[in-house]
Amino acid sequence: MYRLVGSQAYTFSSIFERLWTAEGGTISGVIRDGLVPERAVLLETRTSPSLGQVIQTINKYSNNVMAKTLLLTLGQELYGAPATFEKGSQAVLDTLRKQGVNIGAYTVVNGSGLSRTGRITAGGQAQMLDTIWASKLRDTFIDSLSVSGVDGTMRRRLTDQAARGRGHFKTGTLGNASALSGYVTAASGKTYILVSLVNDVAALKTKSFVDGLVEWLIAQ
């Protein structure tokens with residue numbers, strides 16, 4: 001169980017001060033939230049990994065913190081600073097709408113799976129995956145998904161030889177909720193879209209059934 005004892009600002013300032021002083025630096029002021037003032041002096045810049053690499057880490061390992069940060073970044077890039085979840089959510093919905101996805105059942109809250117108020121239907125999820133399949137960015141997205149029996153959150157599922165490597169999925173798990181969606185490559189070479197969303201006190205007990213469905217598709 002991970003919990004921040006203090007606020008985000010307190011946690012960041014504490015870690016930053018510890019690292020800064022460990023390298024011989026000194027701090028005479030305080031760290032506070034706010035926009036960077038125009039008179040600020042840039043000390044150093046760091047280049048992040050490519051967006052494709054970032055998304056791969058998010059999807060393969062269900063990194064909720066990175067997912068939230070990505071949503072905030074999207075909002076700021078499209079609608080300007082400051083970054084907010086509201087702007088990020090609007091950016092997602094506007095982008096999907098432009099791609100022809102029916103967003104009527106979508107409710108985007110914070111970009112991660114850690115929300116009880118986020119909403120989507122199986123049909124809406126399938127339509128989004130179908131749109132991605134027709135996109136020029138398809139390969140980048142599929143490469144970001146966990147591979148059945150190989151890596152990420154799917155490394156211990158569908159590990160037998162017939163199923164291993166034939167599914168690319170994003171998993172989702174909360175108390176009383178279990179989800180699996182992605183693409184399945186059948187023995188015939190045909191690719192299927194699979195979406196499973198289960199909301200029930202026994203949701204986690206349905207994984208074997210869902211895995212059986214994947215195996216059935218593989219055999220087609």
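Not measured: the values here are computed from a predicted model.

Criteria and thresholds
- Residues numbered from 1 in each chain as written.
- Predicted model: local features only at pLDDT ≥ 70, side-chain atom pairs only at ≥ 80, totals over all residues.
- Heavy atoms only, no water.
- Phe/Tyr/Trp six-rings, centres within 6.5 Å; stacked < 30°, edge-to-face > 60°.
- Helix = DSSP H or I, 4+ residues; strand = E, 2+ residues; numbered from the N terminus.
- Buried < 20%, exposed > 50% of the residue type's maximum accessible area, 1.4 Å probe, protein only.
- Expected span 1.5 Å × (residues − 1).
- Contact = heavy atoms within 4.5 Å.
- Pairing = 2+ DSSP bridges.

**Examining the packing of aromatic side chains**
On inspection of all chains with the given rule, the structure shows 3 aromatic pairs. The interplanar angle of 15° and the centroid separation of 5.6 Å between the aromatic rings of phenylalanine 16 and tryptophan 20 together place this pair among those described as stacked. Of the two residues, phenylalanine 16 and tryptophan 20 are both situated in helix H1 (residues 8–22); the distance of 4 residues between them amounts to about one turn of the helix. Judged by relative accessible area, phenylalanine 16 falls into the partly exposed class, the value being 33%. For tryptophan 20, a relative accessible area of 36% gives the class partly exposed.

**Comments concerning helix H4 (residues 85–98)**
Along its 14 residues, H4 runs 20 Å from first to last C-alpha, staying within 8% of the 20 Å computed at 1.5 Å per residue. Every buried residue of H4 is accounted for by Gly88, Ser89, Ala91, Leu93, Asp94 and Leu96. Tucked inside the fold, the buried residues of H4 contact helix H3 (64–79) and helix H5 (122–133). Phi turns positive, to about 90°, at glycine 100, one or two residues after H4.

**A short note on the environment of isoleucine 58**
Looking at where isoleucine 58 falls in the secondary structure, it is placed in helix H2 (residues 51–61). Judged by relative accessible area, which is 7%, isoleucine 58 ranks as buried. In contact with isoleucine 58, other than residues within four places in its own chain, are Asn63, Met66, Ala67, Leu70 and Lys170.

**A closer look at the environment of threonine 73**
Along the polypeptide, threonine 73 turns up in helix H3. Threonine 73 sits 18 residues away from alanine 91 along the chain, and the two C-alpha atoms are 9.8 Å apart.

**With respect to the pairing of strand S3 (residues 177–185)**
A regular strand places its side chains so that they alternate between the two faces of the sheet. Taken across its 9 residues, S3 has 7 buried, putting it largely inside the fold. In terms of strand pairing, strand S2 (residues 167–174) meets S3 through 8 bridges, oriented antiparallel. Paired with lysine 170 across the strands is serine 181, a residue of S3. In this antiparallel pair of consecutive strands, S2 and S3, the connection spans 2 residues, and asparagine 176 shows a positive phi of 70°. Examined bridge by bridge, S3 and strand S4 (residues 191–199) share 9 bridges and lie antiparallel to one another. Residue pairing for S4: glycine 182 is matched across the bridge by leucine 194. Hairpin connection between S3 and S4: a loop of 5 residues separates the two successive antiparallel strands, and glycine 189 in this loop has a positive phi of roughly 100°.

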